[in-house]
Amino acid sequence: WAHEADPTATLLYNDNKVEGMHGPNAPKAEGFYRLLSKMKSNNCPVHGCGMQAHFNAAGTGINRPPTPRMIKNQIRRLGDLGLSVNISEMDVRVSKLPHHLRSVA
């Protein structure tokens with residue numbers, strides 16, 4: 001409907017916890033990629049995507065932040081679909097770090 005209302009609008013699909021390829025949220029990141037890939041192959045008018053990056057500097061397991069390489073690889077493969085890729089939000093929580101590290105974060 002957005003495309004019909006304004007065919008010149010740039011349309012972005014935005015989601016969170018999808019920024020790291022093979023990262024702690026790999027299933028969601030893979031689903032994000034597959035959805036956008038299918039949209040593009042079906043000629044859906046999507047021009048780009050946004051990734052909300054909410055990181056926890058002290059996170060472990062599923063809460064650990066993705067590595068820079070994981071993020072780079074996800075951005076690259078989304079760009080290879082012909083999409084613009086945006087970090088639409090970004091924050092790094094440091095409240096759970098040891099005090100001596102919070103003071104320099």
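The rules we used
Residues numbered from 1 in each chain as written. Predicted model: local features only at pLDDT ≥ 70, side-chain atom pairs only at ≥ 80, totals over all residues. Heavy atoms only, no water. Helix = DSSP H or I, 4+ residues; strand = E, 2+ residues; numbered from the N terminus. Buried < 20%, exposed > 50% of the residue type's maximum accessible area, 1.4 Å probe, protein only. Contact = heavy atoms within 4.5 Å. Expected span 1.5 Å × (residues − 1). Pairing = 2+ DSSP bridges. Axes fitted to C-alpha atoms, helices over the stretch in contact; angles between N-to-C directions. Salt bridge = Lys/Arg side-chain N within 4 Å of Asp/Glu carboxyl O. Core = buried A, V, L, I, M, F, W, Y, C linked by side-chain atoms within 4.5 Å.

**With respect to the overall build of the protein**
Alright, step 1. A tally of helices and strands in the protein yields four helices and three strands.
Alright, step 2. Secondary structure elements of the protein, listed N to C terminal, follow the sequence α-β-α-β-α-β-α.
Alright, step 3. With respect to the principal axes defined by its C-alpha atoms, the protein has extents near 55 × 25 × 20 Å.
Alright, step 4. Looking at the protein as a whole, 31% of its 105 residues qualify as buried.

**Section: the environment of lysine 28**
Alright, step 1. Within the secondary structure layout, lysine 28 lies in helix H2 (residues 26-41).
Alright, step 2. Put simply, lysine 28 and lysine 17 are 11 residues apart on the chain and 7.1 Å apart in space, counted from C-alpha to C-alpha.
Alright, step 3. Residues in contact with lysine 28, not counting those within four places in the same chain, are Asp15, Asn16, Lys17 and Val18.

**Details of H2**
Each turn of an α-helix holds 3.6 residues, which means side chains three or four residues apart point in the same direction.
Alright, step 1. Its 16 residues place the ends of H2 22 Å apart at the C-alpha level, agreeing with the 22 Å of an ideal helix rising 1.5 Å per residue.
Alright, step 2. Check the buried side of H2 and you find it contacts strand S1 (12-16), strand S2 (48-56) and helix H3 (68-79).
Alright, step 3. Immediately beyond the C-terminal end of H2, within one or two residues, lies asparagine 43, with a positive phi of roughly 60°.

**Focus on the sheet that holds S2**
Alright, step 1. Strand order in the open sheet formed by three strands is S1-S2-S3, and the pairing between neighbours is parallel. Pairing within the sheet leaves two strands with one partner each, and these edge strands are S1 and strand S3 (84-93). For this sheet, the mean inter-axis angle between neighbouring strands, taken without regard to orientation, is 15°.
Alright, step 2. Across the sheet, H3 touches S2 and S3, and the angle it forms with S2 is around 170°.

**Notes on the pattern of salt bridges**
A pair can form between side chains of opposite charge whenever their charged atoms are brought close.
Alright, step 1. Scanning the model with the defined rule gives four salt bridges in all.
Alright, step 2. Linking arginine 77 and glutamate 30 is a salt bridge whose minimum nitrogen-to-oxygen distance equals 3.0 Å. Of the two residues, arginine 77 sits in helix H3 while glutamate 30 sits in helix H2, which places them 47 residues apart along the sequence.
Alright, step 3. Taken together, the shared-partner salt bridges connect Glu30, Arg34 and Arg77 into one network.

**With respect to the side chain of glutamine 52**
Alright, step 1. Mapped onto the elements of the fold, glutamine 52 is located in strand S2.
Alright, step 2. A residue is classified by how much of its surface remains accessible, and glutamine 52, at 14% relative accessible area, is buried.
Alright, step 3. In contact with glutamine 52, not counting residues within four places along its chain, are Asn14, Asp15, Asn16, Lys17, Glu19, Ser88 and Glu89.

**Details of the nonpolar core**
Alright, step 1. Val18, Phe32, Tyr33, Leu36, Met39, Val46, Cys49, Met51, Leu78, Leu81 and Leu83 form the largest nonpolar core, which has 11 residues in total.
Alright, step 2. Looking at this core, the elements that each hand over two or more residues are H2 and S2.
Alright, step 3. A per-element tally of this core places H2 first, with four residues.
Alright, step 4. Here leucine 78 is in contact with Phe32, Tyr33, Leu36, Cys49, Met51, Leu83 and Val85, once residues within four sequence places are set aside.

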